[in-house]
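Notes for the structure review
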Amino acid sequence: MNGLFEYIKTVFKGVGTLLTGMKITGSYFFRPWKHVTQQYPENRETLKMFDRFRGEVIMPHNENNEHLCTGCGICELNCPNGSIEIISMSVLTEDGKKKRAIDKHIYHLGMCTFCNLCVKACPTGAIIMGQEFEHAVWDRTKLTKVLNLPGSKIAQGVKE
Amino acid sequence: MSETKEIIISTDKIHTDQYLVNMGPQHPSTHGVLRLLVSLEGEVVHHIQPHVGYIHSGIEKMCEAISYPQIIHLTDRMDYLSAHMNNEAVALCVENALQVEVPDRVKYIRTIMDELSRLASHQLWWCVMGMDLGALTTFFYGLRDREHILDIFEETCGARMTVNYNLPGGLMFDIHPNFQKRVKDFLKEFKTKLPEYDELLTGNVIFRQRVDNIGHLTLEDAIAWGVTGPSGRGSGFSCDVRKHQPYSAYPMVQFEEKLDTKGDSFVRYRLRIEEMWESIHIIEQLIDNIPEGDYAVKMKGVIKLPEGEFYQRVESARGEFGVYIVSDGKKNPYRVKFRSPGFSNLFALNKMAAGHKIADLVAIMSTLDLVIPDIDR
Ligand code: SF4
Ligand code: SF4
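A closer look at the overall build of chain A
In terms of regular secondary structure, chain A is built from 3 helices and 7 strands. Element order for chain A, N to C, with α for helix and β for strand: α-β-β-α-β-β-α-β-β-β. Expected size for 160 residues packed as a compact globule is a radius of gyration near 15 Å; at 28 Å, chain A overshoots this value by more than 25%. A separation of at least 24 residues holds for 69% of the contacts in chain A among residues at least 6 apart in sequence.

So, the domain arrangement of chain B
All names here are of chain B. In terms of domains, chain B is made up of domain 1 (2–51) and domain 2 (59–376). In this structure, domain 1 and domain 2 have C-alpha centres spaced 36 Å apart. With 17 residues of domain 1 at the interface, the matching set in domain 2 holds 17 residues. Both sides together, the interface formed by domain 1 and domain 2 hides about 1,600 Å², and carbon and sulfur atoms give 72% of it. The largest contributions to the domain 1 side of the interface with domain 2 come from His31, Val45 and Ile48, which together make up 33% of the buried area. Linking domain 1 with domain 2 are 0 salt bridges, by the criterion used here. Inspection of the domain 1/domain 2 interface yields 5 residue pairs in polar contact (both at pLDDT 80 or more). For the side of domain 1 that touches domain 2, the secondary structure elements donating two or more residues are β2 (35–41) and β3 (44–51). A total of 6 residues in the side of domain 1 that touches domain 2 trace back to one element, the largest contributor, which is β3. Of the residues in the side of domain 1 that touches domain 2, the class split is 10 nonpolar, 6 polar and 1 charged.

Structural notes on the interface of chain A and chain B
Reports often express the size of an interface as the amount of accessible area lost when the parts come together. On the side of chain B, 36 residues touch chain A, which itself brings 25 residues to the contact. Of the roughly 2,500 Å² buried at the junction of chain A and chain B (both faces included), carbon and sulfur atoms supply 58%. It is A:Phe50, A:Arg52 and A:Arg54 in chain A that bury the most area against chain B; as a group they hold 29% of the surface buried on that side. Counting every contact that joins chain A to chain B gives 1 salt bridge. Residue A:Lys23 is joined to B:Glu199 by a salt bridge in which the shortest nitrogen-to-oxygen separation is 3.9 Å. On inspection of chain A and its partner chain B, the count reaches 14 residue pairs in polar contact (both at pLDDT 80 or more). Those elements that provide at least two residues to the side of chain A that touches chain B are α1 (2–29), α2 (74–78) and α3 (117–121) of chain A. Examining the composition of the side of chain A that touches chain B, we find that 9 residues originate from one element, α1(A), more than from any other. The residue makeup of the side of chain A that touches chain B, split by class, is 12 nonpolar, 9 polar and 4 charged.

Describing the domain arrangement of chain A
Taken domain by domain, chain A holds domain 1 (2–34) and domain 2 (57–154). Centre-to-centre, using C-alpha coordinates, domain 1 of chain A lies 60 Å away from domain 2 of chain A.

Some remarks on the side chain of B:Arg377
All names here are of chain B. Relative to the assigned elements, Arg377 resides in the segment after α16 (372–375). A polar side-chain atom of Arg377 sits 3.0 Å from the main-chain carbonyl oxygen of Phe338. Here Arg377 is in contact with His56, Ser57, Gly58, Ile59, Glu60, Met78, Lys337, Phe338, Ser340 and Phe343, once residues within four sequence places are set aside.

Section: the site of ligand 1
Neighbouring ligand 1 are 13 residues; A:Cys79, A:Cys112, A:Thr113, A:Cys115 and A:Cys118 lie closest to it. Considering only residue class, the shell around ligand 1 consists of 9 nonpolar, 4 polar and no charged.

A short note on helix α4 (residues 83–98) of chain B
Residue and element names in this part refer to chain B. The end-to-end C-alpha distance of α4 is 23 Å, a good match for the 22 Å that 16 residues give at a rise of 1.5 Å each. Of all 16 residues making up α4, 14 are buried, and the element is well covered by its neighbours. Note on α4: the residue one or two positions beyond its end, Gln99, has a positive phi of about 55°.

What about the side chain of A:Ser83?
All names here are of chain A. Looking at the element boundaries, Ser83 is found in the loop between α2 and β3 (84–92). Within the structure, the side chain of Ser83 is placed 3.4 Å from the backbone nitrogen of Cys112, a separation counted as a polar contact. Apart from the residues lying within four places of it in its own chain, the contact partners of Ser83 are Ile106, Tyr107, His108, Met111 and Cys112.

Remarks on the packing of aromatic side chains
How two aromatic rings sit relative to each other is set out by the distance from centre to centre and by the angle between their planes. Under the defined criterion, the tally for this structure stands at 16 aromatic pairs over all chains. Centroid distance A:Phe29 to A:Phe30: 5.2 Å. Interplanar angle 85°. Geometry classified as edge-to-face. Considering the side-chain rings of B:Tyr247 and B:Tyr250, the 5.1 Å spacing of their centres and the 70° angle between planes classify their relative orientation as edge-to-face. For B:Tyr247, a relative accessible area of 5% puts it in the buried group. Among the aromatic residues, those joined into a ring-pair cluster are B:Trp125, B:Phe207, B:Phe266 and B:Tyr269. We note B:Arg272 situated over the ring of B:Trp125; from NZ or CZ to the ring centre the distance is 5.1 Å.

Details of the site of ligand 2
In the vicinity of ligand 2, 13 residues are found, and the nearest of them are A:Cys69, A:Cys72, A:Gly73, A:Cys75 and A:Cys122. Tallied by class, the residues present in the shell around ligand 2 amount to 8 nonpolar, 5 polar and no charged.

Things to note about helix α6 (residues 136–157) of chain B
When the terminal C-alpha atoms of α6(B) are compared, their 31 Å separation across 22 residues agrees well with the 32 Å that a helix rising 1.5 Å per residue should span. One or two positions beyond α6(B), positive phi appears at B:Gly158, with a value near 95°.

Digging into the nonpolar core
Residues and elements named next belong to chain B. Ranked by size, the top nonpolar core spans 91 residues in total, and within it Leu116, Leu119, Trp126, Tyr165, Phe179, Tyr269 and Phe338 carry the most contacts. Beyond its immediate chain neighbours, meaning those up to four positions away, Tyr269 contacts Trp125, Trp126, Met129, Tyr197, Leu201, Thr202 and Phe207. Judged by nonpolar contacts, the second largest core, of 24 residues, contains Val38, Val45, Val227 and Leu361.

Topic: the pattern of salt bridges
Residue and element names in this part refer to chain B. For the coordinates displayed, the defined rule picks out 40 salt bridges over all chains. A salt bridge links Glu64 to Lys61; the shortest N-O distance between them is 2.9 Å. Look at Lys61 and you get exposed, because its relative accessible area is 59%. It is possible to trace a salt-bridge network through shared partners that takes in Glu115, Arg118, Arg233, Asp240, Arg242, Glu275 and Glu315.

Re the packing of helix α3 (residues 68–75) of chain B against α4(B)
Each pair of packed helices can be summarised by the angle the axes make with each other and by the distance between the axes. Residues and elements named next belong to chain B. Between α3 and α4, the shortest axis-to-axis distance is 8 Å and the interhelical angle comes to 160°. Taken together, α3 and α4 sit at an angle that is classed as roughly antiparallel. Between α3 and α4 the crossing geometry is right-handed. Facing α3, whose interface residues are Tyr68, Ile71, Ile72 and Thr75, α4 presents Asn86, Asn87, Val90, Ala91 and Val94. Taken together, the residues of the contact of α3 with α4 sort by class into 6 nonpolar, 3 polar and no charged.

Criteria and cut-off values
- Residues numbered from 1 in each chain as written.
- Chains lettered and ligands numbered in written order.
- Predicted model: local features only at pLDDT ≥ 70, side-chain atom pairs only at ≥ 80, totals over all residues.
- Heavy atoms only, no water.
- Helix = DSSP H or I, 4+ residues; strand = E, 2+ residues; numbered from the N terminus.
- Rg over C-alpha atoms; globule rule 2.2 N^0.38 Å.
- Contact = heavy atoms within 4.5 Å.
- Domains from an automatic or database assignment.
- Buried area = accessible area lost by both parts, 1.4 Å probe.
- Salt bridge = Lys/Arg side-chain N within 4 Å of Asp/Glu carboxyl O.
- Polar contact = N/O pair within 3.5 Å; in protein donor to acceptor, adjacent residues only side chain to side chain.
- Nonpolar A, V, L, I, M, F, W, Y, C, P; charged D, E, K, R; others polar.
- Near = heavy atom within 4 Å.
- Expected span 1.5 Å × (residues − 1).
- Buried < 20%, exposed > 50% of the residue type's maximum accessible area, 1.4 Å probe, protein only.
- Phe/Tyr/Trp six-rings, centres within 6.5 Å; stacked < 30°, edge-to-face > 60°.
- Lys NZ or Arg CZ within 6 Å of the ring centre and 35° of its normal.
- Core = buried A, V, L, I, M, F, W, Y, C linked by side-chain atoms within 4.5 Å.
- Axes fitted to C-alpha atoms, helices over the stretch in contact; angles between N-to-C directions.
- Parallel < 35°, antiparallel > 145°, perpendicular 65-115°, else oblique.
- Left-handed = near helix turned anticlockwise from the far one by under 90°.

Here it is, written out as structure tokens:
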């Protein structure tokens, strides 16, 4: 008789613990404003990533199509997986001296691990991390980018 | 007549062989590509032989070709749930080798980040543990709370999981101006959410039947197999590196090493929940007192370690994580070895699950909190 009583007690206790759990899920069911889910991609217009978010390496240009890159190649050295290739060229300055300049700053987005080491190492701050994260493309050659825009040149007064 | 008798006797003696079943590598409860070769006798597990190597990424070998700051970003990808601790282990190892003392600010921030990762990792473990046992609700509740921590990481470090926030000699960036406020808001909220975890799962009768008195690991076995972290502490093995070999800001905070001697699945579960409370407690002690100062010391452009061998261990969310660097004085290490907690913990699975039903194997494996890239680094 005692055994039966104990058994029934366990059953009720067990059902009780289930109800405790259901109380929580139920309470959230009736408080939908407590949800944290974002409606992506519907919220694309308003979606703003954090400033430091590392989406891709970009090279900002000013309105005169000028950047800060000297072509020193330090970013290439610091990249752990060879995502950056620097092709530099030498140009003649006004006073007739030879000077190194960037020809192509090639960036392989498909290989990049977004470690920020290149940005950290760049002595002139020519490259930064961009917030774009929708990188899906149909053709992987599109993932190789040249960061300095065509016809761009180095801004005045950038010291190596 | 005598012939018939013979036959009856021999059916009595039919010998049932054990049969071998592959669990994984594509089994949802192995949380990745882990293959367990299970010998079964009926439904009872007789022996488990884990086979690893399906996603072996050769990180140790890759480390030999790259410089020390670059090694750190690879450690993110091993135990991706304790990325901060792995980063820190390499950074500390290099700092100790060069005898660089980092500012207090760095130590505080590192410790806070460690504990936030531990919280995030345990939250994910909790929700996955529920999911393995069929309670899908926990999965969403755990991820909901983890999202806040990942937002904190994203704001300060720039990435959610592969944070790469530590560098030899300090940190990648200073903390974001919002950091302290966000962490405090999160803690305040999470302290109301953590009791919900208990109500949802800890007390649940179905869950308790699946984990109580199952998967015992004795203290001797825990030590013999090197089971560390909450899994080892559940068997009474006091192995918390934060207590025994404190690093960063751990000597400055008060916290308890949670221990139990019972060694079953439920104890391992409970210790992790208790560790979450301890982590909250640690962060609360530090968050308001982050000292002013630099977030990194100036290091040489090319970091070269002196010749020799260096070892540093930290407590990751799964147990003791160790970095062993052999240097020959160049800018790349000669050899790097990572002691990953998951690897040792996994091989104790045989001791825990042998003799239990195959369904219990899933529950026991969940309590080990395995991360496969950590095992197959
Ligand atoms: S973020 Fe890292 S992996 Fe990507 S290009 Fe820069 S250094 Fe290379
Ligand atoms: S981006 Fe910076 S580091 Fe790279 S080549 Fe240009 S100036 Fe040098």
